[in-house]
Amino acid sequence: AAPVQVQLVVPMAVVFSTGSVPGDLPRPLPFRDVQEMEISVNLRTSVTSRYEMRYRSTMGQEEAALAAATAREADAALHPLQDTTLGSLTMYVVPETSSLLPQGINVYVGKHRSALVRAGGSLAALQARLREVAQVMSFSASSIAAALSDRVPDGRLGPDARRYLKSSLGYEITFSLLNPDPKSHTVDWDIEGAVNRYVKPVLDKLSLVANFSVDSQILYYAVLGVTPRYDKESSSFLLSAHSLPHVINPVEARLGSSAASLYPVLNFLLYVPERSHSPLYIQDKDGAPVSTNAFHSPRWGGIMVYNVEAPASPQASLPLHVDVDMARVMEVFLAQLRLLFGLSREEVPPEFLLESPGNEGLADWELDHLLWAHTVENIATVSTTLTSLAQLLDKIGNIVIKDDVASEVYRAVASVQSAVTELSLGHLHAAFQASKEAVTSSERAFFDPSLLHLLYFPDDQKFAIYIPLFLPMAVPILLSLAKIVRETRLRKKEPTKMD
């Protein structure tokens, strides 16, 4: 793949409240400072992170906001006062004794683009803490490695790197209700209401990243590919962790083909087990029941098992009417959606307190986290696509490159250069948009119909196709040519008779 050199610049304001300024500042406030770090990916890809920090003291309104009773109130009051540019961060340093942060918590990350950080005594201790916060809120070496997973040697990747969805211009989300036993259960789910209430706010926020389409379906008589094991003690049925991968294939055959889709498809399945296998519980690797009764599959989606309460009286008439509790189901599916996009909060250090993003489903800084990773991934993808195209065109000698293909290539190159420049200026939004345009142009060039037939019919293939057709015709022609040559030679040799 072509070499990629990117510098990721994060504009960061570090705001000291009264009583939090370290004693060993190199010069009086305000001042600027830069911290650079190399993120090693491989020899041909260099990614540098550069934090451009502006240190200053709080202003009156900020000081008033920091006098709030709780960190959450302070965060809400500070939001209108801070820089809301995508990719920028504001760190408010509070005194070590501050009661805003609970005991044992040194960092509070709000739902926008700011954090409250407990002063660490010396400037070096504070800077180490700020770097940790910045990596949680913007990008870390592991999130960049995951974005560039196609270029990283396998041994160097974390276990999660291939779990996340690849960057795409769009995603299709399908919610499916599986009712394998309609004779026993009539299942009602208000999927439209649930999508509007729980999923739409999240997708509205993510609309900056990609286009989303959502659809839903109900499938009858669709069964899981594994027969659950009956457990006498709990008189229930169990699906063990190692059998879960085998559950998906047979179900997927019923879901409708995702091959027809332009974009990656995310499947979320709600499975109401048949009466003969109820109740059904999923076990983790240690044999303990999974509290959500759901599991997810990397880059594919998730499945939740929804058990129906057995009727109180055995004489109850079938089919039983089931109303699905959509709030419970959507909570699980949204958590799985976050996991698939790499927004899991499990890897955060223990002394960090993260504000819940509320009904928007993701905080502003989490959106930035996605944009950083996707921008880097898009730049790498375009450079790989264009390199492949160049190598391919080199191999095909008799190719005619149309003007519109050439202009798409130029546009892709210009957009990639623009994305790299915007990143080095700290303009995340502009960089992401340019990287998206570059992907669109490079794919248009690569998959242009005028090039496609040349890819599939190189010269040697043409010979292989046409020689069997022409050989039978060529044999008599060649034989008669040989005969003519022989006859003319004989004629030359024969001495002319003299009368």
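Note that this is a predicted model, so its numbers are computed, not measured. (Residues numbered from 1 in each chain as written. Predicted model: local features only at pLDDT ≥ 70, side-chain atom pairs only at ≥ 80, totals over all residues. Heavy atoms only, no water.)

## Some remarks on the overall build of the protein
Link 1 in the chain: When its secondary structure is counted, the protein shows twelve helices and 17 strands.
Link 2 in the chain: Relative to the compact-globule value of 23 Å for 499 residues, the protein shows a C-alpha radius of gyration of 32 Å, a clear excess of over 25%.
Link 3 in the chain: Projected onto its principal axes, the C-alpha positions of the protein cover 135 × 80 × 35 Å.
Link 4 in the chain: With 499 residues in all, the protein has 47% of them scored as buried.
Link 5 in the chain: A separation threshold of at least 6 residues defines the contact pool for the protein, and within that pool the share at least 24 residues apart is 75%.
Link 6 in the chain: Total accessible area on the protein stands at roughly 25,900 Å², and carbon and sulfur atoms take up 56% of it.
Link 7 in the chain: Treating the 43 positive side-chain charges of the protein as one cloud and the 54 negative ones as another, the clouds have centres 10 Å apart. (Helix = DSSP H or I, 4+ residues; strand = E, 2+ residues; numbered from the N terminus. Rg over C-alpha atoms; globule rule 2.2 N^0.38 Å. Buried < 20%, exposed > 50% of the residue type's maximum accessible area, 1.4 Å probe, protein only. Contact = heavy atoms within 4.5 Å. Areas by Shrake-Rupley, 256 points an atom, 1.4 Å probe, with all protein chains shown as cover. Lys, Arg positive; Asp, Glu negative; His and termini not counted. Charge placed at Lys NZ, Arg CZ, Asp CG, Glu CD.)

## Some words on the pairing of strand β8 (residues 185-188)
Link 1 in the chain: Only one face of β8 is covered, namely the face carrying His185 and Val187; the face carrying Thr186 and Asp188 is uncovered.
Link 2 in the chain: Here β8 runs beside strand β16 (residues 320-323); their pairing, made up of four bridges, is parallel. The residue bridging Thr186 from the neighbouring strand is His321, located in β16. (Pairing = 2+ DSSP bridges.)

## As for the pairing of strand β1 (residues 4-16)
Link 1 in the chain: For β1, a buried count of ten out of 13 residues is recorded, marking the element as mostly surrounded by other parts of the structure.
Link 2 in the chain: Two elements, β1 and strand β3 (residues 45-57), share 13 bridges in a ladder whose sense is parallel. From the neighbouring strand, Gln5 faces β3, where its bridge partner is Ser46.
Link 3 in the chain: Both β1 and strand β4 (residues 89-94) contribute to a ladder of five bridges, which runs parallel. From the neighbouring strand, Met12 faces β4, where its bridge partner is Leu89.

## Re the side chain of Ser243
Link 1 in the chain: If you trace the backbone, Ser243 turns up in the loop between β11 (236-239) and α6 (245-254).
Link 2 in the chain: The exposure class of Ser243 is buried, given its relative accessible area of 9%.
Link 3 in the chain: For Ser243, the side chain forms a polar contact with the main-chain oxygen of Ser240, separated by 2.8 Å. (Polar contact = N/O pair within 3.5 Å; in protein donor to acceptor, adjacent residues only side chain to side chain.)

## Some points on the domain arrangement of the protein
Link 1 in the chain: Parsing the protein into structural domains produces domain 1 (170-341), domain 2 (367-447) and domain 3 (457-494).
Link 2 in the chain: Spacing between the C-alpha centres of domain 1 and domain 2 amounts to 38 Å.
Link 3 in the chain: The interface is formed by six residues belonging to domain 1 together with seven residues belonging to domain 2.
Link 4 in the chain: Carbon and sulfur atoms make up 75% of the area that domain 1 and domain 2 hide from each other, which totals about 640 Å².
Link 5 in the chain: Considering only the surface of domain 1 that becomes buried against domain 2, Leu208, Val209 and Phe341 emerge as the three largest contributors, covering 74% of it. (Domains from an automatic or database assignment. Buried area = accessible area lost by both parts, 1.4 Å probe.)

## Things to note about the sheet that holds strand β12 (residues 265-271)
Link 1 in the chain: One open sheet accounts for five strands, arranged β9-β7-β12-β15-β14; its pairing is mixed. Of all strands in the sheet, those bounded by a partner on one side alone are β9 (211-220) and β14 (294-297). Neighbour to neighbour, the strand axes of the sheet diverge by 15 degrees on average, direction disregarded.
Link 2 in the chain: The pairing of strand β7 (residues 170-179) with β9 spans ten bridges and is parallel. Residue Tyr171 lies in a different strand from β9, and its bridge partner there is Phe212.
Link 3 in the chain: Packing of α6 onto the sheet brings it into contact with β7, β9, β12, β14 and β15 (301-305), and relative to β14 it is tilted by some 80 degrees. (Axes fitted to C-alpha atoms, helices over the stretch in contact; angles between N-to-C directions.)

## Remarks on the environment of Ile173
Link 1 in the chain: Tracing the sequence through the fold places Ile173 in strand β7.
Link 2 in the chain: Look at Ile173 and you get buried, because its relative accessible area is 1%.
Link 3 in the chain: If we skip the residues at most four places from it in the chain, Ile173 touches Leu203, Phe212, Ser213, Val214, Asp215, Leu266, Phe268 and Leu337.

## Section: the UniProt feature "transmembrane region" (unreviewed entry) in the protein
Link 1 in the chain: Following the UniProt record, the feature "transmembrane region" (unreviewed entry) maps to residues 463-485 here.
Link 2 in the chain: Helix makes up 100% of residues 463-485 and strand 0%, with an end-to-end C-alpha separation of 28 Å. (UniProt positions renumbered as here; feature names shortened; annotations may be inferred.)

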